[in-house]
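Descriptive structure summary
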Amino acid sequence: MQTQIYINGQFLNAASGKTMDIINPADETVLATIALSGVDEADNAVAAARKAFDEGPWSRFTGKERAVYLHAIADGIRAKRDEFSQLETLDNGKPLPEAEWDIDDAADCFSYYANLAEKLDDEAPEIIELGDERFTSKAIRQPIGVVGQIIPFNFPLLMAAWKVAPALAAGCTSILKPSHQTPMTALKLAEVLDQVGLPAGVLNIITGAGAALTQNPDLDKLAFTGSVATGSQVMTAAAQNIKPVTLELGGKSPMIIFADADLDAAVEWTMFGIFWNKGEVCSATSRILVEESIYEVFLAKLAAETAKIKIGNGLDKGVKLGPQVSEKQYRDVLRYIDIGITQGNRLVTGGKAATGFDKGYYIEPTIFADVPEDAVIWEEEIFGPVVAIRSFKTEDEAIVSANNSEFGLAGAVLSLDKARLNRVARRLDAGIIWTNCSQPTFVEAPWGGRKKSGIGRELGHWGLDNYLSTKQITDFNSSEPWGWYQEGS
């Protein structure tokens, strides 16, 4: 099990000797004790990435040459799929089948961006039409440089892939800082980098000193996924050094269920939209709006199906809901549940820590109904298996309620009326809209939100675009001298 950080192609302990215990959320045992990066490690990682970009071959490789490494990384992850998956479950708590899904997606992400890297070689300069025929001008795209990338705890390896793969494909070098709660698969990724012979300094992985990383003036870009509060700090640091930033932040995504929707499908998508990954999903459809005529029937069916969810250690067969990632997250979610009960919202099911566990951070899947729009559990991101539900009478009412949020990451609408689906999808104020489903995510499609949910788009060619900078090259082609300094000119 890898416990060292990875800087300039070397596995290292922290110069300070500091370490950090990583806790298994299923039983609260120490999973590993890892090196804890400090300011020195952050600075050294940036320096290594800077040298690798400015002096090394990576930024000058062709896309096809970079693709060889990206394909090799993808193959390396696939070869260690079982190790990565089990480690992800032990570190994060998610059920093993979900971890396996994530690891497969992470490998596919590297493969996808390897293919896009190859296509960069065929990208012709854009010829610009000018008003002066003595000049010709073109625009080309080049890697933006050295990037700092900070990822959250909910999809540890997958979020690493979402950021690292497009950056490397573009020709950038990177410093990756995983969450201090779930660093294990990122550190294991370093083993794969080492095995495939990725040039030293191209990707560096540190385990702390996030603030020092964001404030380093030698970075050319910052990319962050996590909370709004921390995202604001990252944006402030980027502003201090005038650096571009990509932010994927919180969400409180709505799902609108119309009376003509398939009821069984609506129940299943509601459950998947909030209980998948223990509700630790930024795009979770945690606000449900149900048309009045089916409201009580829907609630009864949802409660009955939710009661069947098996809670437990993510390594145990049949478990659909694992523990929250940490004691802090566990207590935060229980605090929100207490607020929901105290404020008088109707508790349909759940509402407390799961019974039958001596250790671990387990919470019952929780459903609140008749939740008013000014309720804390309706407005604030809980990041746990807690869903708030209310009814609506008209389409316009549902859309207004759905859009009445400081977040705008995602949204969903369920109906058998195709015209309605299209109409409502266009009116929902969010960056990602699902119709007759919730949460399917594809590496080919853009990902990102509006309002406090973030800035920019990841995945697809949009993700690659984040790490490319446009340069103008203009030529003077006249045989006559320019002569601006000559007399009479």
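Up top is the structure.
Basis of the calculations
Residues numbered from 1 in each chain as written. Predicted model: local features only at pLDDT ≥ 70, side-chain atom pairs only at ≥ 80, totals over all residues. Heavy atoms only, no water. Pairing = 2+ DSSP bridges. Helix = DSSP H or I, 4+ residues; strand = E, 2+ residues; numbered from the N terminus. Axes fitted to C-alpha atoms, helices over the stretch in contact; angles between N-to-C directions. Contact = heavy atoms within 4.5 Å. Core = buried A, V, L, I, M, F, W, Y, C linked by side-chain atoms within 4.5 Å. Buried < 20%, exposed > 50% of the residue type's maximum accessible area, 1.4 Å probe, protein only. Expected span 1.5 Å × (residues − 1). Arc of directions from axis to C-beta. Parallel < 35°, antiparallel > 145°, perpendicular 65-115°, else oblique. Left-handed = near helix turned anticlockwise from the far one by under 90°. Nonpolar A, V, L, I, M, F, W, Y, C, P; charged D, E, K, R; others polar. Salt bridge = Lys/Arg side-chain N within 4 Å of Asp/Glu carboxyl O. Polar contact = N/O pair within 3.5 Å; in protein donor to acceptor, adjacent residues only side chain to side chain.

Glancing now at the sheet that holds strand β14 (residues 346-349). With mixed pairing, seven strands are arranged side by side in an open sheet as β14-β15-β16-β13-β12-β18-β19. Each end of this open sheet is capped by a strand with a single partner; those strands are β14 and β19 (432-435). Ignoring strand direction, the axes of neighbouring strands in this sheet form an average angle of 25°. Summarising the sheet, strand β13 (residues 285-291) and strand β16 (residues 386-392) pair through five bridges and their orientation is parallel. Bridging across to β16, R287 finds its partner in A388. The sheet strands contacting helix α13 (residues 395-403) are β12 (253-257), β13 and β16, and the helix crosses β13 at an angle near 165°.

The subject of this paragraph is the nonpolar core. Core analysis: the largest hydrophobic core is formed by 98 residues, its most contacted members being I77, F110, Y113, I205, I257, F298 and I389. If one sorts the elements of this core by residue count, helix α5 (residues 156-170) sits on top with 12 residues. Setting aside residues up to four positions removed in sequence, Y113 forms contacts with L70, A165, P166, A169, V443, L459, G460, G463 and L464.

If you check helix α8 (residues 228-240), its first and last C-alpha atoms are 18 Å apart, about what 13 residues at 1.5 Å a residue would give, namely 18 Å. Within the sequence span of α8, burial applies to G231, V234, A237 and A238. Take α8 and look down its axis: the buried residues cluster within an arc of 120°, on one side only. Turned more than 90 degrees away from the buried face of α8, the exposed residues are A229, Q233 and Q240. In this structure, the buried side of α8 is in contact with α7 (210-215), β10 (221-225) and β11 (245-248). Positive phi shows up at I242, right after α8, with a value of about 50°.

Within the sequence span of helix α14 (residues 418-427), burial applies to R420, L421, V424 and A425. Angularly, the buried residues of α14 cover 125° about the axis, an arc narrow enough to put them on a single face. Residues of α14 that are exposed and angled more than 90 degrees away from the buried face: K418 and R426. Those residues of α14 hidden inside the fold are in contact with β12, α13, β18 (410-414) and β19.

Residues other than glycine seldom take positive phi values, yet N8 does so here, at roughly 55°. In this fold, N8 is placed in the loop between β1 (5-7) and β2 (10-12). Owing to a relative accessible area of 37%, N8 belongs among the partly exposed residues under this scheme. Positive phi, close to 65°, is recorded for K278, a residue that is not glycine.

Strand order in the open sheet formed by three strands is β5-β6-β22, and the pairing between neighbours is antiparallel. Because the sheet does not close on itself, it has two edges, and the strands there are β5 (126-128) and β22 (468-476). The sheet shows a mean angle of 30° between the axes of neighbouring strands, taken without regard to direction. Two strands pair when backbone bridges link them, and β5 and strand β6 (residues 135-143) are joined in this way by three bridges, in the antiparallel orientation. If you follow I127 over to β6, its bridge partner there is K138.

Take the packing of helix α9 (residues 263-275) against helix α10 (residues 295-306) next. Running from N to C, α9 and α10 point in directions that differ by 55°, and their axes come no closer than 10 Å. Considering their axes alone, α9 and α10 lie oblique with respect to each other. Regarding α9 and α10, the two cross each other, and that crossing is right-handed. Contact with α9, carried on its side by L263, D264, A266, V267, T270, M271 and F275, involves V297, F298, K301, L302, E305 and T306 of α10 and no other residues of that element. Here the residues of the contact of α9 with α10 are counted per class, giving eight nonpolar, two polar and three charged.

Next up on the list: the pattern of salt bridges. By the definition in use, this model includes 28 salt bridges. Close ionic contact of D396 with R427 constitutes a salt bridge, the shortest N to O distance being 2.8 Å. Of this pair, D396 sits in helix α13 while R427 sits in helix α14, and the two are 31 residues apart along the sequence. By relative accessible area, D396 is classed as partly exposed at 44%. R427 sits in the partly exposed class, given a relative accessible area of 39%. Measuring nitrogen to oxygen at the nearest pair gives 3.7 Å for the salt bridge that ties D429 to K451. You can see D429 sitting in the loop between α14 and β19 and its partner K451 sitting in strand β20 (residues 450-451), a full 22 residues away along the chain. For D429, a relative accessible area of 24% puts it in the partly exposed group. Because the salt bridges share partners, they merge into one network encompassing D260, E395, R420 and R423.

Relative to the helices and strands, S438 resides in the loop between β19 and β20. Note on S438: relative accessible area 0%, which makes it buried. A distance of 2.8 Å separates a polar atom in the side chain of S438 from a polar atom in the side chain of T285. Looking at S438, its side chain comes within polar contact range of the side chain of Q439, at 3.1 Å.

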